[in-house]
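Now for the letters of each chain:
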Amino acid sequence: MLAGKFIWVYCTLLLVLMASFQDAFNRKELYGALAGESVEAIDQLVVQLKKDNDNQLYKAYIGALSMKRAGLMKVAPGVKLKTFKEGAVMLESIIEENPDNAEYRLLRLIIQENAPRILKYHKNIEEDKNLIVDQFNELDKSLKSEIRNYGKTSEALKDNEILTPGSR
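A quick note: this is a predicted structure, and the numbers were derived from the prediction, not measured.

Right, let's get into the packing of helix α4 (residues 77–97) against helix α5 (residues 102–114). Running from N to C, α4 and α5 cross one another at 150 degrees; their axes reach a closest spacing of 10 Å. Taken together, the axes of α4 and α5 are roughly antiparallel relative to one another. The handedness of the crossing between α4 and α5 is left-handed. Residue-level inspection shows F84, L91, E92, I94 and I95 of α4 in contact with α5, the latter providing Y104, R105, L107, R108 and I111. By residue class, the composition of the contact of α4 with α5 is seven nonpolar, no polar and three charged.

What describes a pair of aromatic rings is the distance from one ring centre to the other and the angle between the planes of the rings. Under the defined criterion, the tally for this structure stands at two aromatic pairs. On the numbers, 6.2 Å between centres and 20 degrees between planes, the contact of Y58 with Y61 is stacked. With a gap of three residues between them, Y58 and Y61 both fall in helix α3 (residues 56–72), about one helical turn apart. Across this residue pair, the class does not change: Y58 and Y61 are buried. Plain terms: the ring middles of F84 and Y121 are 5.6 Å apart, the flat faces sit at 90 degrees to each other, and that makes the pair edge-to-face. Residue F84 is found in helix α4, and its partner Y121 is found in the loop between α5 and α6 (125–135); the two are separated by 37 residues along the sequence. Per residue, the accessibility class of F84 equals that of Y121, and both read buried.

Of all hydrophobic cores here, the largest spans 45 residues; its most connected members are L30, Y31, L34, L65, L106, L107 and I147. Among the elements of the structure, α1 (2–35), α2 (39–49), α3, α4, α5, α6 and α7 (141–151) are those that each provide at least two residues to this core.

Where charged atoms from two side chains of opposite charge come close, those side chains can pair. Under the definition given, this model contains eleven salt bridges. Across the salt bridge formed by D128 and R105, the nearest N and O atoms sit 2.8 Å from each other. In this pair, D128 sits in helix α6 while R105 sits in helix α5, placing the two residues 23 residues apart along the sequence. Classification of R105 by relative accessible area gives buried; the value is 7%. Across the pair R108 and D128 runs a salt bridge whose closest N-O atoms are separated by 2.7 Å. Separated by 20 residues along the polypeptide, R108 in helix α5 and D128 in helix α6 bring together distant segments of the chain. When salt bridges with common partners are traced through the structure, they connect E92, R105, R108, E127 and D128 into a single cluster.

Rules and cut-offs
- Residues numbered from 1 in each chain as written.
- Predicted model: local features only at pLDDT ≥ 70, side-chain atom pairs only at ≥ 80, totals over all residues.
- Heavy atoms only, no water.
- Axes fitted to C-alpha atoms, helices over the stretch in contact; angles between N-to-C directions.
- Helix = DSSP H or I, 4+ residues; strand = E, 2+ residues; numbered from the N terminus.
- Parallel < 35°, antiparallel > 145°, perpendicular 65-115°, else oblique.
- Left-handed = near helix turned anticlockwise from the far one by under 90°.
- Contact = heavy atoms within 4.5 Å.
- Nonpolar A, V, L, I, M, F, W, Y, C, P; charged D, E, K, R; others polar.
- Phe/Tyr/Trp six-rings, centres within 6.5 Å; stacked < 30°, edge-to-face > 60°.
- Buried < 20%, exposed > 50% of the residue type's maximum accessible area, 1.4 Å probe, protein only.
- Core = buried A, V, L, I, M, F, W, Y, C linked by side-chain atoms within 4.5 Å.
- Salt bridge = Lys/Arg side-chain N within 4 Å of Asp/Glu carboxyl O.

Set out below in structure tokens:
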């Protein structure tokens, strides 16, 4: 009986660890694609993420990646705008359902800071930054790392203490 419980606990812990490593890997790859200039990398990630249609985090990732992709596409401006808007609708609906999720807000902050001003997609920069800063201590290690990495180039997060590990 004791051996059965041990095996059950061991398997459960193994599954949890595997899931957390998978999220960290996807997260690192995702933020790399958002910082990069490769439509192909974005497309590959979107294909992987679409395999799990019920995962809200993946839907938020797909929305942000679509918006980033729009800026990299070599097509007519109308097609770019349509792609950007489709991604925005996806990301905004996820944020509306989960207004206190710091990672969703980080995704939107990244897009807002890097989107052309003509798109008028920048009204929540301060709100998103504040939520990220307020929740920073409670976030997992891999998300904190991504926030710090983004903070190296961000105007909104530039002066915040979250940019230096161990400062909060």
